[in-house]
Amino acid sequence: MIEDPRVAPVNWDAGAPPKTVRRRAALLSALALLWGLWYFTWLLRPDRVGNPFLFTVLVAAELFNFGQAVGFWLTCVRQPRRDTVAPSLGRLVDVDVLIPVYNEPVEVVEATVDAARRMRGARVHVALLDDGDSVAMRHMARRLGVRYVQRADHSGAKAGNINHALTVTAAAFVAVFDCDHVPDPAFLEQTLGHFRDDRVAFVQTPQYYANNGRGGVTEAAWAQQALFFGAIARGKHTGYSSMFCCGTNVVFRRDALEAVGGFPEGSLTEDFQLSVRLHEEGWRSVYVPRVLARGLGPEDLASYVSQQHRWARGCLSTIPSIVRAKLPSRQKAQYLLSALYFLTGWTVLVYLSLPVIRITTGSQPIAGATADQFLLHFGPYFALSLAALAAVGSGTYTYAAFSLAFSTFWIHIHASVRAILRRPGRFVVTPKHGQRGIQLRPAAPSLVAAGVLVAVAILGLAGDRSPATLNNVAFAAAHVTVLMHGIRSALIPARSAAVEPASTAPQAA
Amino acid sequence: MSDVVTAADHRPPVRTGAIRAAGRQQLVVVAAQVTSGLGNLMFALLAVRLLSAESWARLAAFLAAMLLIGLPAASLTAAGALDPSWSQTTRQRWLRLARGLSITLIAASVALSRLTDVPILELVAIGLVLPPLVLLALDRGVLYGLELHRPLANSLLVEAFGRLLIGGMLATMYGLVGALAGVVIATYASLAATIVPFPPPQLRSRPRPSLWAGAPTAAGLTFLLLGVLQTQDLFVAIARLDRTAAAQFAVLSTLGGAAVFATATVPLVLFPQAKDRRPRATAIAIGLTAAVGLAVTIVAAATARPLMRMAFGPRYESIAPLLPIYLLGMASLAGCRVVAARRCTSDPARLIRTLFIASGVHLVALLALGRSPGAFVAVTTVTMVGLGVALVAPDVLVLPSVAARKHAIVAVLTRPTVLGLAGLSAAALSLRVVMFRGLWVDEAISVRQARLPLGTMLHDLAATDVHPPLHHLILWTTIRAMGDSEVAVRLPSILAGVALVPLLYHAGSLLYSRRVGWVAALLAVPAPLLVWYAQEARMYALFMALAVGAICAQVLAVRHGRLRHWIAYSLCTAALAWTQYFALLPFLVQQVAFAAILWSRRRDRPARRRLVVGWLGSLAAIGVLVAPLAVFAAHQAAAGASGWLGGSATAAGVTPSQAGAAASDAVSGVSVYGVAANLIWAVWGYHADVTMTRVTALWPFAMLVLLTLLGRGWSRASTYLVAMIAVPLAALAVLDESVPGVFELRYASATVPVAVILLARFITAMSRRLTTLVCATALVGGVLVVGLVDEQVNSANPRRYDFSAALARVEHEARPGDVIVFDPVYLADVVGYYAPNLTTRPLDGGLEGIGPGHGVWILAASHLEDPKVLASQVGTALVELQDSRHLTGHFTAPNVEVWELR
């Protein structure tokens with residue numbers, strides 16, 4: 001019997017970092033920014049152009065990443081000086097707690113429902129929104145004494161499910177939890193007070209992966225989450241009032257939801273789209289950097305790919321509406337920054353391709369510069385960027401997180417192509433348990449990329465051993481190392497596999 | 001609540017009033033002593049002006065004789081200071097003895113004068129002054145013991161200024177006779193001014209101190225032995241050196257004696273304080289002695305040359321560099337006197353045994369090694385510093401009994417850690433001895449210098465070299481003990497290189513964990529650069545070992561704040577400075593680290609205070625120990641002028657300060673590739689240029705390493721170690737702008753072991769699994785072994801010179817009368833080392849004078865200077881020689897090329 005990790009103590013602090021950490025992060029960010037500018041003033045000169053096409057592609061990739069990095073630094077540099085405690089709302093209010101489910105294991109959901117009943121600070125009305133029409137769920141709801149909501153029409157996936165629930169409930173505030181996120185009894189006490197401000201539409205709290213200690217994909221995915229719900233989310237809220245809803249561990253004002261017509265059902269990231277609409281209507285959002293619910297992160301590569309693909313597809317398809325939205329520029333920039341992140345995979349593809357092209361064709365993007373000059377300008381920029389990332393994230397962002405993101409670059413490419421082609425997406429519930437065995441399918445694109453790089457490296461070494469070739473072989477080898485590290489858990493399953501097979505049934509969006 | 005009460009809780013509270021009183025007493029007497037010294041100096045200067053040269057010489061001899069009498073008399077003072085009642089009870093006996101000697105001397109003065117060539121007048125004067133001198137010694141001892149410091153100060157002042165006034169006046173009137181009479185009268189006057197209450201009221205009111213019955217005798221014996229230690233070098237020098245050298249050393253001895261004189265009262269004032277176990281009395285005494293010693297040494301260091309010229313004339317100017325070193329030894333002796341005074345009250349037997357051994361060792365060393373004033377200075381300084389360490393050690397290290405010690409030693413030696421480290425050290429030793437290579441230019445130069453007499457060597461180093469002398473001093477000793485074979489001259493480096501294995505284990509364990517320590521020790525065995533410099537008869541291996549020692553000591557001092565850790569830190573740092581001037585760079589990093597730690601402790605007052613006291617104390621100690629080096633460095637700077645620290649000092653007889661600096665043309669100078677090359681050297685060793693270019697091209701792996709550091713956290717220890725690498729390299733990079741060629745890893749060689757620790761840390765941080773750790777360590781170790789093999793075996797390595805093989809073949813094939821012509825000029829020493837029996841000459845000197853019938857061998861080494869110039873010179877010579885000879889042979893050894901012409 002494996003103990004439910006959601007009952008274990010929280011091992012992460014989402015709160016504001018100490019002053020020394022903030023200062024160090026700001027200093028390193030500023031240095032990285034300055035060195036980055038110096039690098040680009042060196043790079044963007046006509047005499048640097050080698051192969052014009054490759055140069056253009058490289059510069060585009062570099063500028064994109066620099067833009068993302070600058071956005072990241074500017075976001076994260078605006079940290080709260082201390083954690084603010086919400087004042088009391090002053091009255092006891094009714095809160096509808098909505099827990100949408102879709103064929104998840106009952107034991108996973110039961111803990112959530114049970115914890116939701118025990119929340120303090122309001123009159124809580126828990127509703128289990130079952131889109132899976134499960135008899136077991138119905139029995140469990142009856143056993144725990146919570147409302148069981150079922151609908152005849154399952155359209156609109158999670159958003160449709162919640163919208164339907166909104167029609168059958170009436171409390172002034174609505175809390176939403178994914179079925180695997182066990183709320184803390186103090187959840188409402190810590191969040192409702194922010195609604196004293198009538199303009200606040202929702203209060204978001206971190207999405208904490210309680211199973212982050214299981215290593216592999218979970219740990220890496222958690223490191224990515226920790227960076228977002230740590231420095232980034234704090235910065236978005238403190239500096240730009242643009243924290244968006246993340247779909248779970250959130251409390252809404254019903255009036256705000258109704259004002260924008262509920263959750264948008266045509267999006268794979270209904271929460272993100274909803275946030276844009278709410279901010280566009282002048283509502284405000286609040287982020288409480290305190291772990292008030294404990295959930296489960298993806299435990300295998302397939303789950304991670306599924307989750308990331310949905311996020312990428314949803315966010316990328318939201319870009320046109322963000323561009324059109326009548327938002328303050330700072331909020332619009334923040335939304336674009338978040339949505340455009342899912343194009344990063346294209347830049348990885350560029351970086352992976354360059355050594356292949358150099359070794360096979362001899363073409364290279366940069367000319368008129370020695371390796372020494374390149375290193376002088378690029379090396380410190382790279383090192384300072386990493387140092388800034390480490391400092392900003394207070395060490396939570398790991399190499400495993402980076403390699404996982406790097407090796408799943410293809411998700412961004414696939415999602416953006418589908419978004420451009422306007423292919424309909426499918427809402428796939430993130431599986432709650434990892435799978436046993438090797439997962440070749442989600443790892444296949446990375447394996448192909450690594451195979452090509454290895455082949456090209458061998459080809460290069462067989463051809464000549466000039467420093468230029470060796471340099472590109474080294475790049476290829478480094479890429480292969482990162483790729484293989486990222487997908488290693490799919491190829492070498494962990495000894496302690498999870499208990500239950502995952503349910504990955506798609507749901508029509 | 002814990003009921004545990006520590007020993008510290010039982011310590012009596014420190015009484016600040018008592019501490020102040022102890023300090024005040026010391027200062028009063030030291031002030032009187034120094035003032036009386038000034039009075040004596042003024043009398044001497046006055047006498048020089050008033051008397052003829054001959055009379056002055058006689059007066060000086062008389063004063064020297066008084067000093068000699070004063071040395072054993074000081075032991076009476078010491079005994080009295082420890083136990084005033086002893087002086088009182090034995091006074092009459094000593095008086096009778098002195099009176100008897102006096103009468104005998106005066107009565108026999110005529111006969112003695114004929115026997116010894118000492119004038120009757122001086123003999124009579126000595127006879128007259130003997131009784132008051134003995135009584136003065138006894139009475140002053142009583143005053144010290146009873147802590148009657150004002151009458152004591154009066155006694156000291158009356159003697160000196162009595163001489164000045166009475167002696168000066170009488171000398172004006174009666175010349176030498178008046179001067180002598182003045183000295184004698186002043187001594188009697190001083191005795192009259194030394195009023196000791198009889199019987200002293202304190203003795204009546206106080207019970208007799210519970211001292212061991214023989215304690216006064218032991219104290220007297222102790223100070224007698226200390227007097228022997230202070231003066232025996234002078235007697236041996238007079239006996240063994242020629243007149244000039246003996247005179248030079250006598251000058252140094254005089255100045256050294258003056259330095260000791262300044263603090264001579266400190267141990268005597270300490271006696272009653274130590275006997276009563278007064279708080280901090282010993283610390284105050286040591287602090288005062290150290291401060292005076294530091295001041296004297298610094299002043300001497302700064303003014304040695306003008307002081308010598310002014311006081312003793314220009315012919316003594318050449319020994320000026322030796323003065324601060326000798327004063328350091330004397331300062332150490334002064335410190336020993338203080339520690340000895342303290343020990344007289346607790347463990348006199350061990351103290352006397354130690355002093356006997358030290359005197360014996362000193363005497364034997366003087367007789368064995370004393371061939372020049374420099375050798376005498378070195379032997380005395382080393383003995384005094386060693387004695388200081390030996391005296392302090394029992395206080396710092398609480399040693400158990402011999403049986404317990406034996407048991408503890410066996411237990412320690414059989415510990416798995418010790419056995420493991422011994423195994424690794426043995427492996428390291430084997431590797432460093434097996435993968436041997438011949439001496440190269442710099443080593444041969446060092447060997448040539450170390451073959452010189454000590455004084456000449458120091459003079460040569462001061463005039464022609466750019467490094468401090470510690471390694472040369474060690475090499476000098478090694479050569480005398482073991483000869484000058486390749487193994488012998490490299491033995492200090494080999495030992496330092498092997499010592500790095502346990503040192504790195506210790507450093508890794510201290511800074512991170514035992515696991516890091518083990519990996520660091522394991523990697524140290526094949527680390528190519530550690531092997532390389534352990535095989536070089538130069539200072540770099542010693543520098544690395546001392547740097548790691550200083551790191552360990554600093555960490556321990558900061559964590560525990562014990563005296564022994566601060567002493568170890570001070571000694572390591574000072575030795576580091578004496579090994580290489582670039583020790584300043586890691587030293588600065590360590591000072592910044594101290595400051596940072598102090599800042600982090602700003603809210604913890606006791607911890608902050610402990611750190612400040614230790615830090616300032618260590619700085620003072622380092623200052624004292626390094627002060628003489630400043631003079632040495634100043635001499636080198638003045639002598640080298642343009643050539644110091646990397647200038648083009650390539651004239652004949654001048655050490656090439658940067659020989660081999662451009663060994664890797666591909667990566668020389670300051671650039672990103674240059675930095676990368678230095679870091680690759682640090683970890684992977686020296687390699688052929690083509691290898692270096694290829695390895696440097698693999699820099700994308702560095703990006704990978706940086707990425708893997710994400711999320712691993714960053715400790716202060718890592719920041720400290722990275723600074724120990726980055727700051728020296730950055731400083732050298734900046735310095736390289738004004739001193740080209742100085743941006744070289746060997747000038748920041750502490751980087752290498754530090755890099756090994758960081759590498760070990762990186763490996764251990766990769767995973768907690770033992771299997772992963774073992775695999776990663778094996779992988780990195782394997783990479784290091786590959787680097788080591790390539791470094792040592794690949795003949796394209798521009799730093800690997802095989803003069804040994806090349807000259808062995810030349811020696812084997814050369815016929816009588818053959819001449820070896822070498823280029824560049826500074827191959828002279830290496831050629832001389834390997835081919836001492838052949839006729840050799842530099843190509844710079846031209847080819848004239850080589851008989852037509854003689855064969856000529858041209859030997860050239862690459863990478864030591866501009867290859868075009870070298871090729872041009874050798875080519876011209878070959879063309880010229882081929883007018884009368886034929887090229888009959890040509891062969892190469894790594895970086896050495898030889899042509900044979902007949």
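Residues numbered from 1 in each chain as written. Chains lettered and ligands numbered in written order. Predicted model: local features only at pLDDT ≥ 70, side-chain atom pairs only at ≥ 80, totals over all residues. Heavy atoms only, no water.

1. Some points on the sheet that holds strand β9 (residues 284–287) of chain A
Residue and element names in this part refer to chain A.
Next, step 1: One open sheet accounts for seven strands, arranged β3-β2-β1-β4-β8-β6-β9; its pairing is mixed. Unpaired on one side and paired on the other, β3 (147–150) and β9 mark the two borders of the sheet. Sheet twist, expressed as the mean angle between neighbouring strand axes with direction ignored, is 25°.
Next, step 2: Inspection of the sheet shows strand β6 (residues 200–204) paired to strand β8 (residues 250–253) by three bridges, in the antiparallel sense. If you follow Val-203 over to β8, its bridge partner there is Val-251. (Pairing = 2+ DSSP bridges. Helix = DSSP H or I, 4+ residues; strand = E, 2+ residues; numbered from the N terminus. Axes fitted to C-alpha atoms, helices over the stretch in contact; angles between N-to-C directions.)

2. What to know about the interface of chain A and chain B
Interfaces are often described in size by the accessible area the parts lose on coming together.
Next, step 1: Contacts between the two partners involve 27 residues from chain A and, on the opposite side, 18 residues from chain B.
Next, step 2: Both sides of the chain A and chain B interface together cover about 2,100 Å² of buried area, and 81% of this is carbon and sulfur.
Next, step 3: Its largest share of buried area at the contact with chain B, chain A owes to Asp-372, Leu-375 and Tyr-399 of chain A, together 24% of the area lost on that side.
Next, step 4: Seen at the junction of chain A and chain B, the total is zero salt bridges.
Next, step 5: Remark: the boundary between chain A and chain B carries six residue pairs in polar contact (both at pLDDT 80 or more).
Next, step 6: Of all the secondary structure elements, the ones that give two or more residues to the side of chain A that touches chain B are α13 (371–392), α14 (399–407) and α17 (467–491) of chain A.
Next, step 7: For the side of chain A that touches chain B, the leading source of residues is α13 of chain A, giving eleven residues.
Next, step 8: Class assignment for the residues of the side of chain A that touches chain B results in 20 nonpolar, four polar and three charged. (Contact = heavy atoms within 4.5 Å. Buried area = accessible area lost by both parts, 1.4 Å probe. Salt bridge = Lys/Arg side-chain N within 4 Å of Asp/Glu carboxyl O. Polar contact = N/O pair within 3.5 Å; in protein donor to acceptor, adjacent residues only side chain to side chain. Nonpolar A, V, L, I, M, F, W, Y, C, P; charged D, E, K, R; others polar.)

3. Topic: the pattern of salt bridges
Next, step 1: For the structure on display, the rule yields 29 salt bridges over all chains.
Next, step 2: One salt bridge in this structure joins Glu-189 of chain A and Arg-120 of chain A, with 3.2 Å as the shortest N-O distance. Of this pair, Glu-189 of chain A sits in helix α6 (residues 187–191) while Arg-120 of chain A sits in the loop between α3 (106–117) and β2 (123–130), and the two are 69 residues apart along the sequence.
Next, step 3: Judged by relative accessible area, which is 38%, Glu-189 of chain A ranks as partly exposed.
Next, step 4: Across the pair Arg-746 of chain B and Glu-744 of chain B runs a salt bridge whose closest N-O atoms are separated by 3.8 Å.
Next, step 5: Under the relative-accessibility criterion, Arg-746 of chain B is labelled buried at 2%.
Next, step 6: For Glu-744 of chain B, a relative accessible area of 2% puts it in the buried group.
Next, step 7: Overlapping salt bridges, with partners in common, bring together Asp-442, Glu-744, Arg-746 and Arg-799 of chain B in one network. (Buried < 20%, exposed > 50% of the residue type's maximum accessible area, 1.4 Å probe, protein only.)

4. Topic: the packing of helix α2 (residues 53–82) of chain B against helix α7 (residues 176–193) of chain B
All names here are of chain B.
Next, step 1: The N-to-C vectors of α2 and α7 enclose an angle of 20°; their axes lie 9 Å apart at closest approach. Here α7 runs roughly parallel to α2, going by the angle between their axes. Considering the relative orientation of α2 and α7, their crossing is right-handed. Note on element contacts: α7 touches α2 through Leu-176, Ala-179, Leu-180, Val-183, Val-184 and Thr-187, opposite Ser-55, Arg-58, Leu-59, Phe-62, Leu-63 and Met-66.
Next, step 2: Here the contact of α2 with α7 is built from residues that sort into nine nonpolar, two polar and one charged. (Parallel < 35°, antiparallel > 145°, perpendicular 65-115°, else oblique. Left-handed = near helix turned anticlockwise from the far one by under 90°.)

5. What to know about the nonpolar core
Next, step 1: One finds Leu-252, Phe-271, Met-308, Phe-803, Leu-827 and Leu-859 of chain B to be the most contacted residues of the largest nonpolar core, which totals 130 residues.
Next, step 2: Broken down by element, this core gets its largest block of residues, 13 residues, from helix α13 (residues 322–344) of chain B.
Next, step 3: Setting aside chain neighbours within four positions, we find Leu-827 of chain B in contact with Val-441, Phe-803, Phe-822, Leu-859, Ala-861 and Leu-864 of chain B.
Next, step 4: Formed by 107 residues, the second largest nonpolar core is a distinct cluster that contains Ala-223, Met-243, Leu-327 and Ala-490 of chain A. (Core = buried A, V, L, I, M, F, W, Y, C linked by side-chain atoms within 4.5 Å.)

6. Describing helix α6 (residues 149–174) of chain B
Next, step 1: The end-to-end C-alpha distance of α6 of chain B, which contains 26 residues, comes to 35 Å, matching closely the 38 Å that a straight helix rising 1.5 Å per residue would cover.
Next, step 2: A positive phi of about 70° marks Gly-175 of chain B, the residue just after α6 of chain B. (Expected span 1.5 Å × (residues − 1).)

7. Some points on the confidence of the model for chain A
As a note on interpretation, predicted positions should not be read in detail where pLDDT is low.
Next, step 1: Overall, the prediction assigns chain A a mean pLDDT of 89, with 94% of residues at 70 or greater.
Next, step 2: Of the regions scoring below 50 in pLDDT, residues 496–509 of chain A engages in 40 contacts with residues more than four places distant in sequence or in other chains. (pLDDT = per-residue confidence, 0-100.)

8. What about the environment of Leu-847 of chain B?
All names here are of chain B.
Next, step 1: Structurally, Leu-847 is set in the loop between β2 (839–842) and β3 (856–861).
Next, step 2: With a relative accessible area of 9%, Leu-847 lands in the buried category.
Next, step 3: Along the sequence, Leu-847 and Ala-877 sit 30 residues apart, while their C-alpha atoms lie 7.7 Å from each other.
Next, step 4: Beyond its immediate sequence surroundings of up to four residues, Leu-847 is in contact with Val-821, Arg-841, Ala-877, Glu-880 and Leu-881.

9. Thoughts on the state of the cysteines
Residues and elements named next belong to chain A.
Next, step 1: The full count for this structure, using the stated rule, is zero disulfides over all chains.
Next, step 2: Between Cys-76, a free cysteine, and Cys-246, which holds the nearest cysteine sulfur, the sulfur-to-sulfur gap is 14 Å.
Next, step 3: For Cys-76, a relative accessible area of 4% translates into the label buried.
Next, step 4: Between Cys-179, a free cysteine, and Cys-245, which holds the nearest cysteine sulfur, the sulfur-to-sulfur gap is 16 Å.
Next, step 5: In this structure Cys-179 comes out as buried when scored by relative accessible area, which is 2%. (Disulfide = S-S within 2.5 Å.)

10. Regarding the sheet that holds strand β10 (residues 293–295) of chain A
Note: strands within a sheet are paired through backbone hydrogen bonds, in either parallel or antiparallel orientation.
Residue and element names in this part refer to chain A.
Next, step 1: The three strands lie next to each other as β5-β10-β7, forming an open sheet whose pairing is mixed. This sheet does not close on itself; its edge strands, each paired only once, are β5 (182–183) and β7 (208–209).
Next, step 2: Pairing between β5 and β10: two bridges, direction antiparallel. Following the sheet pairing, Val-182 is matched in β10 by Arg-294.

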